[in-house]
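Structural features, examined
The primary structure of each chain is shown beneath.
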Amino acid sequence: MTDHELYRRQLVERLEREKRAAQDDIARAQADEARARARVAEKDAAIAGVFAAREPQADECRRCRFEFGRTSVLRPMPAKSRVARFQCALCGHEEEGA
């Protein structure tokens, strides 16, 4: 085998490795794109759920109603100030009341 043939064969092998690496990059990028599209679809569904949820009653936790679609009554918390504070027993969300 001549030096030219050896060089040509090594060059082709290197280019084929680089081609496989580029194809692997494409596959990873496509997988990343699919995951990102799934996250976008999930957020779109969550947004639609927020708009579809009924308004919570005055004593219901807004976070539970809008984020999780469930009903939870807020419980009064002891407070040293004059502002009444309420907390959800399910998610821990706190709000100030009137």
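Just so it is clear, the structure is predicted and the values come from calculations on it, not from any experiment.

**A short note on the pattern of salt bridges**
Taken as a whole and judged by the stated rule, the model has 10 salt bridges. Two residues, arginine 35 and aspartate 32, come together in a salt bridge whose shortest N-O distance is 2.3 Å. Taken as a pair, arginine 35 and aspartate 32 lie in helix H1 (residues 3-52) at a separation of 3 residues, close to a single helical turn. The exposure class of arginine 35 is partly exposed, given its relative accessible area of 46%.

**What to know about the nonpolar core**
Cys61, Cys64, Leu74, Cys88 and Cys91 together form the largest nonpolar core, which totals 5 residues. Residues within four places of cysteine 64 in sequence aside, it is in contact with Gly69, Arg70, Ser72, Cys88, Leu90 and Cys91.

**Focus on the sheet that holds strand E1 (residues 74-77)**
Read across the sheet, 3 strands follow the order E1-E2-E3 without closing on themselves; strand pairing throughout is antiparallel. The open sheet terminates on both sides in strands that have one partner only, identified here as E1 and strand E3 (94-96). Taking each pair of neighbouring strands and ignoring which way they run, the sheet shows an average axis angle of 35°.

**Brief notes about the state of the cysteines**
One pass over the full model with this rule turns up 0 disulfides. As a non-bridged cysteine, cysteine 61 has cysteine 91 as the owner of its nearest cysteine sulfur, 3.7 Å distant.

**Some points on the confidence of the model for the protein**
Taken as a whole, the protein shows an average pLDDT of 89; of its residues, 99% reach a score of 70 or greater. H1 holds the highest mean pLDDT among the elements of the protein, 94, whereas E3 holds the lowest, 85.

Definitions and cut-offs
Residues numbered from 1 in each chain as written. Predicted model: local features only at pLDDT ≥ 70, side-chain atom pairs only at ≥ 80, totals over all residues. Heavy atoms only, no water. Salt bridge = Lys/Arg side-chain N within 4 Å of Asp/Glu carboxyl O. Helix = DSSP H or I, 4+ residues; strand = E, 2+ residues; numbered from the N terminus. Buried < 20%, exposed > 50% of the residue type's maximum accessible area, 1.4 Å probe, protein only. Core = buried A, V, L, I, M, F, W, Y, C linked by side-chain atoms within 4.5 Å. Contact = heavy atoms within 4.5 Å. Pairing = 2+ DSSP bridges. Axes fitted to C-alpha atoms, helices over the stretch in contact; angles between N-to-C directions. Disulfide = S-S within 2.5 Å. pLDDT = per-residue confidence, 0-100.

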